[in-house]
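The chain contents come next:
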Amino acid sequence: MNTVSRIVTGVIGIIIGVVLTGVGIIKTPGVFIYAVPVILLALFILFNKKEDEIEEIKYRKD
């Protein structure tokens, strides 16, 4: 993922997680089972910069 798509996906995931948390507080506490993993996954996507690095090809001498 490039930087823009990583930011968009992370922010949308965090928003969905916050909405699910709000629903869990107001109506159904069971929604927290979904809210917490969504927020954690969104934060991981948002801050994972290792995926954007390109490794150099290592040539083998025969």
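In this text the structure is predicted, and so the values were computed from the model without any measurement.

Definitions and cut-offs
Residues numbered from 1 in each chain as written. Predicted model: local features only at pLDDT ≥ 70, side-chain atom pairs only at ≥ 80, totals over all residues. Heavy atoms only, no water. Helix = DSSP H or I, 4+ residues; strand = E, 2+ residues; numbered from the N terminus. Rg over C-alpha atoms; globule rule 2.2 N^0.38 Å. Buried < 20%, exposed > 50% of the residue type's maximum accessible area, 1.4 Å probe, protein only. Contact = heavy atoms within 4.5 Å. Areas by Shrake-Rupley, 256 points an atom, 1.4 Å probe, with all protein chains shown as cover. Lys, Arg positive; Asp, Glu negative; His and termini not counted. Charge placed at Lys NZ, Arg CZ, Asp CG, Glu CD. Expected span 1.5 Å × (residues − 1). Patch = residues over 30% accessible without salt bridge, like charges linked within 9 Å, V, L, I, M, F, W, Y side chains within 5 Å. Salt bridge = Lys/Arg side-chain N within 4 Å of Asp/Glu carboxyl O.

S.K.: Would you mind going over the overall build of the chain with me for this structure?
M.R.: Secondary structure summary: the chain contains two helices and zero strands in total. Computed over C-alpha atoms, the radius of gyration of the chain comes to 18 Å, more than 25% over the 11 Å expected from 2.2 N^0.38 for 62 residues, which places it beyond the range of a compact globule. Overall, the C-alpha framework of the chain stretches about 65 × 25 × 10 Å when taken along its three principal axes. Sorting the 62 residues of the chain into buried and exposed places 16% on the buried side. Put simply, of all contacts in the chain between residues at least 6 apart along the chain, 54% involve residues at least 24 apart. Put simply, the chain shows about 5,400 Å² of open surface, and 70% of that area lies on carbon and sulfur atoms. Charge centroids of the chain, computed over 7 positive and 6 negative side chains, lie 6 Å from each other.

S.K.: Just checking my understanding: could you explain helix 1 (residues 3-26) for this structure?
M.R.: Within an α-helix, residues lying three or four positions from one another point in the same direction, as the helix has 3.6 residues per turn. Across its 24 residues, helix 1 extends 35 Å between first and last C-alpha, which sits within 8% of the 34 Å expected from 1.5 Å per residue. Those residues of helix 1 that fall on the buried side of the exposure criterion are Arg6, Gly10, Gly13, Gly17 and Gly24. Here the buried face of helix 1 lies against helix 2 (32-47).

S.K.: I tried to follow a nonpolar patch on the surface on my own but got confused; where do I start?
M.R.: Residues Ile25, Ile26, Phe32, Val36, Leu40, Leu43 and Phe47 make up a contiguous nonpolar surface patch of about 740 Å² in total accessible area. Elements with a contribution of two residues or more to the nonpolar patch: helix 1 and helix 2. It is helix 2 that provides the largest number of residues to the nonpolar patch, a total of five residues. Here Phe47 is to be found in helix 2. Note on Phe47: relative accessible area 61%, which makes it exposed.

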